[in-house]
Amino acid sequence: MELIITDADIVTMAPGAAGPARSMLVRDGEIAAVGPAEAVRAAAGPGAALLRLDGATVIPGLIDAHCHVSDVGYLAAAADCGQPAAPDIPAIQSRLRKQAARTPAGSWVTGAGYVEYKLREGRHPTRADLDAAVPDRPAVVYHTSLHACVLNTAALRAAGFADQQPDPPGGAFGRDDQGRLNGLIFEGPMFALLERNLHHDLGELGAGQRARVVDTAGRRLAAFGVTAVGEADLRRDSFTAFAEADEAGLLRQRIYGLVVHDEVDWLLSSGLRGRRSARLAAEAVKIWADGGMSSRTAAISGTYPVPPYGSGILYFTRAELTELVRTFDTQGFQVCVHAQGDRAIETVLDAYAATLGPASANPRRHRIEHGGALYPELLARAAALNVVIATQPGFLSGLGDGFAAAFPDTCDQLYAIGSWRRAGLTVAGSSDAPVISPDPRLGLRDAVLRQTGDGRVLGPGERITAADALALYTTAAAHALHRETELGSLEVGKRADFVVLDGNPLTTDPAAIPGLRVLATALDGTPVHQDGLTFPS
Ligand SMILES: [Zn+2]
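Keep in mind that this is a model prediction, so the values were computed, not measured. (Residues numbered from 1 in each chain as written. Predicted model: local features only at pLDDT ≥ 70, side-chain atom pairs only at ≥ 80, totals over all residues. Heavy atoms only, no water.)

Chemist: Outline the overall build of the protein, supporting the account with residue identities and numerical values.
Modeler: A tally of regular secondary structure across the protein gives 17 helices and 24 strands. Its C-alpha atoms give the protein a radius of gyration of 23 Å, near enough to 24 Å, the size a compact globule of 537 residues would have. Taken over the C-alpha atoms alone, the protein extends approximately 80 × 55 × 50 Å along its principal axes. For the protein, contacts bridging at least 24 residues in sequence account for 73% of all contacts bridging at least 6. A total of about 19,500 Å² of accessible surface is found on the protein, and carbon and sulfur atoms cover 51% of it. (Helix = DSSP H or I, 4+ residues; strand = E, 2+ residues; numbered from the N terminus. Rg over C-alpha atoms; globule rule 2.2 N^0.38 Å. Contact = heavy atoms within 4.5 Å. Areas by Shrake-Rupley, 256 points an atom, 1.4 Å probe, with all protein chains shown as cover.)

Chemist: How would you explain the coordination of the zinc ion if you had to name every residue and give the values?
Modeler: Donor atoms from the polypeptide that bind the zinc ion are His66 (NE2), His68 (NE2) and Asp432 (OD), placed at 2.1 Å. One chain supplies every donor for the zinc ion, spaced along it as H-x1-H-x363-D. Taken as a pair, His66 in strand S7 (residues 62-67) and Asp432 in the loop between strand S21 (427-429) and helix H15 (440-449) lie far apart in primary sequence, 366 residues in all. In this structure, His66 and Asp432 share a single accessibility class: buried. (Donors = N, O, S within 2.8 Å, 3.2 Å for Na, K, Ca; no water. Buried < 20%, exposed > 50% of the residue type's maximum accessible area, 1.4 Å probe, protein only.)

Chemist: Which residues make up the packing of aromatic side chains, and what values go with them?
Modeler: Enumeration over the complete set of coordinates arrives at 10 aromatic pairs. Residues Phe191 and Tyr315 carry aromatic rings whose centres are separated by 6.3 Å and whose planes lie at 40° to one another, so their mutual orientation is tilted. One end of the pair, Phe191, is in helix H6 (residues 188-204); the other, Tyr315, is in the loop between strand S17 (280-288) and helix H10 (318-330), with 124 residues separating them in the sequence. Using a relative accessible area of 21% as the deciding quantity, one classes Tyr315 as partly exposed. With a centroid separation of 6.3 Å and an interplanar angle of 20°, the aromatic rings of Phe498 and Phe535 are classed as stacked. (Phe/Tyr/Trp six-rings, centres within 6.5 Å; stacked < 30°, edge-to-face > 60°.)

Chemist: For H10, give the residues involved together with the corresponding values.
Modeler: Under the 1.5 Å per step criterion, the end-to-end length of H10 is 18 Å for 13 residues, consistent within 8% with the ideal 18 Å. All of the buried residues in H10 are Leu321, Thr322, Leu324, Val325, Phe328 and Asp329. Down the axis of H10, the buried side of the element spans an arc of 165°, and every buried residue falls inside it. In H10, the exposed residues that point more than 90 degrees away from the buried face are Ala319 and Thr330. (Expected span 1.5 Å × (residues − 1). Arc of directions from axis to C-beta.)

Chemist: Talk me through the sheet that holds strand S23 (residues 518-523); I want residue IDs and the actual numbers.
Modeler: Here we have five strands laid out as an open sheet, ordered S2-S6-S22-S23-S24, and mixed in their pairing. Strands with a single pairing partner mark the edges of an open sheet, and in this sheet they are strand S2 (9-10) and strand S24 (526-530). (Pairing = 2+ DSSP bridges.)

Chemist: Can you tell me about unusual backbone geometry, naming the residues and giving the values?
Modeler: As a rule of thumb, non-glycine residues mostly have phi less than zero, and peptide bonds are mostly trans rather than cis. Cis peptide bonds are those with omega within 30 degrees of zero, and the linkage from Pro307 to Pro308 qualifies with 0°. Following the sequence through the fold, Pro308 ends up in the loop between S17 and H10. Looking along the chain, the bond that leaves Ala433 and enters Pro434 is cis, with omega of 10°. Of note, Arg365 is a non-glycine position whose phi angle comes to about 60°, a positive value. Counting through the fold element by element, Arg365 comes out in the loop between helix H11 (342-356) and strand S19 (367-370). Phi is positive for Asp524, which is not a glycine, with a value near 55°. With respect to the element layout, Asp524 can be found in the loop between S23 and S24. Using a relative accessible area of 18% as the deciding quantity, one classes Asp524 as buried.

Chemist: So what's going on with the environment of Pro527? Which residues, and what values?
Modeler: Tracing the sequence through the fold places Pro527 in strand S24. Judged by relative accessible area, which is 27%, Pro527 ranks as partly exposed. Separated by 489 residues in the primary sequence, Pro527 and Glu38 place their C-alpha atoms 25 Å from one another. Contact partners of Pro527, with chain neighbours within four places excluded, come to Thr521, Ala522 and Phe535.

Chemist: If you had to explain the pattern of salt bridges to someone new, which residues and values would you point to?
Modeler: Under the counting rule described, the total for this entry stands at 35 salt bridges. Here Arg254 makes a salt bridge to Asp524, at a shortest N to O gap of 2.7 Å. Linking Arg254 in strand S15 (residues 254-260) with Asp524 in the loop between S23 and S24, this pair joins segments that are 270 residues apart in sequence. Asp524 carries the same exposure label as Arg254, and that label is buried. (Salt bridge = Lys/Arg side-chain N within 4 Å of Asp/Glu carboxyl O.)

Chemist: I'd like to hear about the nonpolar core, residue by residue, with values.
Modeler: Ile287, Tyr352, Ile368 and Trp420 are the most contacted members of the largest nonpolar core, which totals 76 residues. Considering each element in turn, this core owes the most residues, seven residues, to H11. For Trp420, the contacting residues outside a window of four places in its chain are His370, Gly371, Leu374, Leu379, Ile389, Thr391, Tyr415, Leu425 and Val427. (Core = buried A, V, L, I, M, F, W, Y, C linked by side-chain atoms within 4.5 Å.)

Chemist: Tell me about the pairing of strand S3 (residues 23-27), residues and numbers included.
Modeler: For S3, the buried fraction is high: four of the five residues fall into the buried class. Strand direction decides the pairing type here: strand S1 (residues 2-6) and S3, joined by four bridges, are antiparallel. Paired with Ile4 across the strands is Leu25, a residue of S3. Pairing of S3 with strand S4 (residues 30-35) involves five bridges; the strand directions are antiparallel. When the sheet's bridge partners are listed, Met24 is paired in S4 with Val34. The antiparallel pairing of S3 with S4 creates a hairpin that spans two residues between the two strands, and Asp28 there sits at a positive phi of about 50°.

Chemist: Quick one: what's the story with the packing of H10 against H11, residue by residue and with numbers?
Modeler: Between H10 and H11, the shortest axis-to-axis distance is 9 Å and the interhelical angle comes to 45°. Here H11 runs oblique to H10, going by the angle between their axes. The way H10 lies across H11 gives a crossing that is right-handed. Listed contacts from H11 to Arg318, Leu321, Thr322, Val325, Arg326 and Asp329 of H10 are Glu346, Thr347, Val348, Asp350, Ala351, Tyr352, Ala354 and Thr355. (Axes fitted to C-alpha atoms, helices over the stretch in contact; angles between N-to-C directions. Parallel < 35°, antiparallel > 145°, perpendicular 65-115°, else oblique. Left-handed = near helix turned anticlockwise from the far one by under 90°.)

Chemist: Summarise the sheet that holds strand S8 (residues 79-80); cite the residues concerned and give the values.
Modeler: The six strands lie next to each other as S8-S9-S10-S11-S13-S12, forming an open sheet whose pairing is mixed. Whereas interior strands pair on both sides, the edge strands pair on one side only; in this sheet they are S8 and strand S12 (171-175). For strand S9 (residues 109-114) and strand S10 (residues 139-143), the ladder comprises five bridges, and the chain directions are parallel. Within S10, the residue paired with Ala112 across the bridge is Tyr142. Along the sheet, H6 contacts S10, strand S11 (148-151), S12 and strand S13 (181-187); its crossing angle with S13, the most-contacted strand, is approximately 90°.

Following this line, the structure appears as structure tokens:
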């Protein structure tokens, strides 16, 4: 089967490409030719199908190097408590009431997506707020960071949390002025809770329904042009759901799994390490070094001027983290450590330095996930270690005003993508969805403009060109996933994963990039999303 795509403005992202190509030949799912129309036609057989694009733009399939696909699918069924959909706490309450009516007995009533500083009240909802909406059964609302959540009284009871209880290691409880739990839970216990609920709710579903959870997330991502994803939270449950979707032909992205560190033993004993298929692989390990940026729990060297105050949460000592990294490195894994605050990033760099030695090129491409406060003094060390960064430019518009409040002195140095690239680091683009939308067009725009929701520019010197922004989500992300020989650019011999847009993101006004329409998304030359463009069958 051959397909000629022609009359197109093809942005190949190939190094040293002379300029946009006009035509591309897909053969057996791979790119067989790309260039001027005559040359491509000459390379095709007589029976090749033809797809004329009337000047539309083709870019490589977009790669989201760090996304929680299973959470996107799981939380798609939760009440949307994000802003602006739910502008205040009464709106969240009304959404929870509706959600309760459609939640099966035995499952928790679930909402997700709020940001307290975007709510009209400017605070987190409390246990009492949730009790007023759902008095008689467990209810939870997850903060958009997925580093915090609020429980009602029934949920606190079901989770075994009591008022007199001290804060657990690696986590914290919110309390009222009498010291009673106010329902807010940060970090460790919140992760355990989400994992338990996801495990329970996926377990209640049959294989077909589980595959549909993955399909829901996959459709959403495909509509944004995403063709490959680093799944930043792969566990036994989610692996099963992906594998079932893969069997059913429902995987619309290539899933590159970062297996949660405490499930590596399962991965090794299951024989599932490596590539399961062309669309599902488990090759890396994920570790969390600290908390989140928008939940103000990232481990920083000073103290936060905003609630919950403190200096954030660090999960491991330097020695513990080094031991973990060394073990996984010895086992041949790529290690990807979530590190947001400067105190956490320093610990990760120490662990990498101790593991890699002084003159290493970092052959396994160990990564720092996010790297929010990777300040200049840490950057030189990261560059010397050749650490790969998987970061989220889209946080700048989605959460940037909160960063400015939490980091009044250093907010211009957060997510310093321009400096990181100038220092020679490989910087991969990602969304961390469902923390923010998985739409990479937002990240492309934000990497260029760095504008917060209120219009403030964070770190004007860190802005990059549109071409460099596109590289974050193509060539650099492919490298971060060890897939640069197969993905990331439209070159002969690579997989025919591509996106058709109604305009060229490199020449469009950057503010208008999110408005570019995704006409089609293709994997192996076959459409996984079509909107106004029909492929010849
Ligand atoms: Zn994440």
